[in-house]
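Below are the chains, spelled out letter by letter.
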Amino acid sequence: MIRVENLSKSYPTGTVLRGVTWQVNPGERVGLIGANGAGKSTFLKILTGEIDPDGGKIIFPPRRSIGYLPQELVGNFSGTLDEEMWAVFEKIRGIGKALEEIAHSIEETKDPEALHELVEKQSRLQLEFEMAEGYTAETRIGRVLFGLGFKPEDRRRPMREFSGGWQMRAALARLLLASPDLLLLDEPTNHLDVTAIEWLEDYLADYPGAVLLISHDRMFLDSVVNRISELENGHFGEYSGTYSDFVEEKEARRESASAAHDRQKKEITRQEATIERFRFSATRSRQAKSREKQLSKIERIQLPRPIPKIFFRFPVAPPSGNLVLSGERLAKRYENLEVFSKLSFELRRGDRLVLVGPNGCGKSTLLRLILGEEEPSEGLRSFGHNVKVGYYSQQQADSLEGSNSVLDEAYLEAPDWKLGEVRNLLARFLFKDEEVFKKVSQLSGGEKSRLALAKLLLHPANLLVLDEPTNHLDIASKDILASALVSYQGTVILVSHDRYLLDQIATRVLAFEDKRALLYDGDYAYYRLKKEEQLLAKASEKKEAEKKEKKESKGKKVPLHKALLEVEEIEARIMNLEEEIALLEERMADPSLYVDPESAQETTQRYQQAKLELEGSNALWMERIAGI
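Criteria and thresholds
- Within any chain, residue numbers begin from 1 and follow the written order of that chain's sequence.
- Whole-chain, interface and lining totals are the exception, using all residues; otherwise, since this is a predicted model, local features are given only for residues with pLDDT of at least 70 and side-chain atom pairs are given and counted only at 80 or more.
- No hydrogens and no water enter the side-chain calculation; it runs on all heavy atoms of the structure.
- Every helix listed is a DSSP run of H or I at least four residues long, and every strand listed is a run of E at least two residues long, numbered separately from the N terminus.
- Categorising residues by exposure relies on relative accessible area from a 1.4 Å probe, with only protein chains included: less than 20% of the type maximum marks a residue as buried, more than 50% marks it as exposed, and the intermediate range marks it as partly exposed.
- Helix axes use the C-alpha atoms of the stretch in contact, all axes being lines fitted to C-alpha atoms, and the angles between their N-to-C directions lie in the range 0 to 180 degrees.
- Roughly parallel covers angles under 35 degrees, roughly antiparallel covers those over 145, roughly perpendicular covers 65 to 115, and oblique covers all other angles.
- Two helices cross in a left-handed way if the nearer one is turned anticlockwise from the farther one by less than a right angle. They cross in a right-handed way if the turn is clockwise.
- Only heavy atoms enter the contact rule, under which two residues are in contact if any of them lie within 4.5 Å.
- Ten residues, namely Ala, Val, Leu, Ile, Met, Phe, Trp, Tyr, Cys and Pro, are considered nonpolar, four, namely Asp, Glu, Lys and Arg, are considered charged, and the remaining ones, Gly among them, are considered polar.
- One less than the residue count of a helix, multiplied by 1.5 Å, gives the span that helix is expected to have.
- Strands are labelled as partners when DSSP assigns at least two bridges between them.
- Pairs were defined over the aromatic rings of Phe, Tyr and Trp, the Trp ring being its six-membered one, requiring ring centres within 6.5 Å. Orientation was assigned from the angle between planes: stacked under 30 degrees, edge-to-face over 60, tilted for the rest.
- Definition used: whenever NZ (Lys) or CZ (Arg) falls within 6 Å of the ring centre and also within 35 degrees of the ring normal, the charge is taken to sit over that ring.
- Here, nonpolar core means buried Ala, Val, Leu, Ile, Met, Phe, Trp, Tyr and Cys residues that are tied together by side-chain atoms lying within 4.5 Å of each other.
- Without a salt bridge and with relative accessible area above 30%, a residue can belong to a patch; like charges are then joined within 9 Å and nonpolar side chains (Val, Leu, Ile, Met, Phe, Trp, Tyr) within 5 Å.
- Accessible surface is estimated by sampling points in the Shrake-Rupley manner with a 1.4 Å probe; for residues, cover comes only from the protein chains shown.
- Put simply, a salt bridge is a Lys or Arg side-chain nitrogen that is within 4 Å of an Asp or Glu carboxyl oxygen.
- Charge assignment in this entry is limited to Lys and Arg as positive and Asp and Glu as negative, and neither His nor the chain termini are counted.
- Charge positions come from single atoms, namely NZ of Lys, CZ of Arg, CG of Asp or CD of Glu.

**What about the environment of P12?**
Turning to its location among the elements, P12 is positioned in the loop between strand 1 (2-11) and strand 2 (14-24). Classification of P12 by relative accessible area gives exposed; the value is 89%. Counting along the chain gives 362 residues from P12 to E374, while the straight-line C-alpha distance between them is 45 Å.

Given below as structure tokens:
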């Protein structure tokens, strides 16, 4: 599908690709992983031609297509959501327009020869339209938009009205509809809620082309990929299977390499001791020199350099009272739009409450009410004794001042800290030595997220309010964050679409569903279990209702002899229609028909009408047979 040979790329800050040879094959779904700043996004941009490599070549077969979703949206949308989706099907729209024009020309044309040509052209275009899957385009658009969380009424909205996150969803939808031979996705789940992520997992599992994706969501990787490529120190390590398979295999390889390294080191030490013992021996010095020469030719086993990881713990703050936060019959409305109502809860010291639900359901709105950034339409929000809040917003990384250095960005946040203390804190987030003088604007998305987390630690808090804190963080950094939150002695309110983090953190779940917020006193696994039970109960209720309806309809059933008579009538109608269609096809194949344009037009229209009648009769026959 695509192959790179001896690819290299360096920046002043370091080398990200060192003579890489790599390929992805048709049908493969490859997860590209690595630490923040390893060069993953750079590699994708090289594949698309957005960035030039320093050396090497890219081999891509002709007449193959590549589709690319970057981390951040580039470019403007001009039309409505529906227009953006249909722009993918320009060929289908062109054929459809041509068919409309031909149909109009057939109605107007009186010349038999011209009419014959028009009908032939119409047949060719109809076949081409069908081959291009024109009849299913509308269904595909609806399926993809629904799966990614758009409502039917959203299709008429101008794209400029959507937030950046929803525009990213639209860009992803358009890319999936285009169905390129090679799909390149750079952190596609960043702007998706859990429901949309799970839909995307199912969609990509059946994707007909090859997929190369960057993701720091281990559960997403486990569901989608069948191969892992790890970019580490400028080289790729290849592993077959899912992310979980990769973790096991990498550990096995590390243990094997460590054991081989230890054996070799022990053997080399023994050989060196022997050489030294006999180096000046009159009888064995020649043997010692020969052994020394052989020893110098042995290729030493090198253990891989450990990848630096962030390490931190949230600072201890003076404890709050036992009751940290309460909400009494909270409601929020914007004009005629009700977000939620009658929401009551109490948050106790040590609780780790996670908010779940689709994007736009009210999670971030509730956080703004808690923080006092907005007032509730009804109800009361109140804090307990001595509560000190630390807040990480979804846009925290974007609010950093690009012209500042990393050190200035942190130091200006806490001028009462000593410079050395700030540098020590930044070092725990992997900003060391000269890296602290790098401009914020030069940082990757993951590096900005790490800096934003570091700033959060500058002010000790006993209530952490975290809105999507894992965006752009690599998997190792997410694990450290999870560990820090589990050991944190304060109270946590968390919004996240990372299911692994939710599994690790939650002690209570507040779920937003149908303009209601339901509180589950248990962890995230408990919440999922309860949701499954509710779905099963609904399915059971529906099944019972259908049984009841069927039973009642049986009581009103038409007598068998009348039902059989009706079936016979339908079968006779089907037979007559099939014979009529066969005769019409014979007439339409005869050039003499087109001598009389009116007759040709009537025959064509009757042919189309007969086919529709036949389709309806067949469906009715199936329905009546099933009811006997």
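**Thoughts on the packing of helix 5 (residues 137-147) against helix 6 (residues 164-178)**
Close contact between helix 5 and helix 6 brings their axes to 10 Å; oriented N to C, the two are set at 140°. Judged by the inter-axis angle, helix 5 sits oblique to helix 6. Crossing of helix 5 over helix 6 shows right-handed handedness. Packed against helix 5, whose contacting residues are R140, I141, V144 and L145, the element helix 6 presents A173, L176 and L177 at the interface. Grouping the amino acids of the contact of helix 5 with helix 6 by side-chain chemistry returns 6 nonpolar, no polar and 1 charged.

**A look at unusual backbone geometry**
One non-glycine residue, N386, adopts positive backbone phi at about 60°. The topology assignment puts N386 in the loop between strand 13 (378-383) and strand 14 (389-392). By relative accessible area, which is 29% here, N386 ends up partly exposed. With a phi angle near 55°, E468 is a residue other than glycine that sits in the positive phi range. Take E468: it is sitting in the loop between strand 15 (463-467) and helix 15 (475-487). The exposure class of E468 is buried, given its relative accessible area of 8%.

**A look at helix 6**
Between the first and last C-alpha of helix 6 there are 21 Å, a value that for 15 residues agrees with the 21 Å anticipated at 1.5 Å per step. Burial of helix 6 is extensive: 11 of the 15 residues sit out of reach of the surface. For helix 6, the full list of buried residues reads W166, Q167, M168, R169, A170, A171, L172, A173, L175, L176 and L177. Turning to helix 6, the residues buried within the fold contact strand 5 (66-69), helix 2 (81-86), helix 5, strand 6 (182-186) and helix 7 (194-205). In the stretch just after helix 6, S179 is the one whose phi turns positive, near 50°.

**Details of the pairing of strand 17 (residues 508-513)**
Most of strand 17 is tucked away: 6 of the 6 residues are buried. Side chains of strand 17 alternate between two faces, with R508, L510 and F512 and V509, A511 and E513 buried alike. Relative to strand 17, strand 12 (residues 352-356) runs parallel, the two sharing 4 bridges. Its bridge partner lying in strand 17, L355 is registered against L510.

**Examining the packing of aromatic side chains**
Applying the stated criterion across every chain, the model contains 15 aromatic pairs. Taking 5.7 Å as the distance between ring centres and 35° as the angle between the ring planes, the aromatic pair formed by W22 and F236 counts as tilted. Of this pair, W22 sits in strand 2 while F236 sits in strand 9 (residues 235-240); the two residues are 214 residues apart in sequence, bridging distant segments of the chain. In textbook terms, an aromatic cluster arises when at least three aromatic residues are bridged by ring pairs, as seen for F312, F314, F429 and Y488. Here R450 stacks its cationic end above the ring of F431, 5.1 Å away from the centre of that ring.

**Structural notes on the nonpolar core**
Core analysis: the largest hydrophobic core is formed by 55 residues, its most contacted members being L176, L204 and L213. Residue contributions to this core peak at 9 residues, all from helix 6. In terms of nonpolar packing, the next biggest core, distinct from the first, is built from 49 residues, I310, V440, A452 and A454 among them.

**Let's talk about the sheet that holds strand 8 (residues 227-232)**
Judged by pairing direction, the sheet is mixed, and its 6 strands sit side by side in the order 5-6-7-3-8-9 without closing on themselves. Sheet topology places strand 5 and strand 9 at the edges, where each strand pairs with a single neighbour. Taking the axes of each pair of neighbouring strands and ignoring which way they run, one obtains an average angle of 15° across the sheet. Taken together, the 5 bridges between strand 6 and strand 7 (residues 210-214) define a ladder with parallel strand orientation. Counterpart to D186 in the pairing with strand 7 is I214.

**A word on the sheet that holds strand 17**
By definition, the strands of a sheet pair up through backbone hydrogen bonds, in either a parallel or an antiparallel sense. If you walk across this open sheet you meet the 6 strands as 14-15-16-12-17-18, and the pairing is mixed. Where the open sheet ends on each side, the last strands, each with one partner, are strand 14 and strand 18 (516-520). This sheet shows a mean twist of 15° between the axes of neighbouring strands, independent of strand direction. Where strand 14 and strand 15 come together, 4 bridges link them in parallel fashion. Pairing of Y392 across the sheet is with L466, part of strand 15.

**Some thoughts on the side chain of K438**
Inspection of the secondary structure assignment puts K438 in the loop between helix 13 (419-428) and helix 14 (445-456). Beyond its immediate sequence surroundings of up to four residues, K438 is in contact with T13, N404, S405, V406, L443 and E447.

**Some words on a negative patch on the surface**
Negative charge collects at one region of the surface, where D111, E113, E117 and E120 lie side by side. One can find D111 in the loop between helix 3 (90-108) and helix 4 (112-131).

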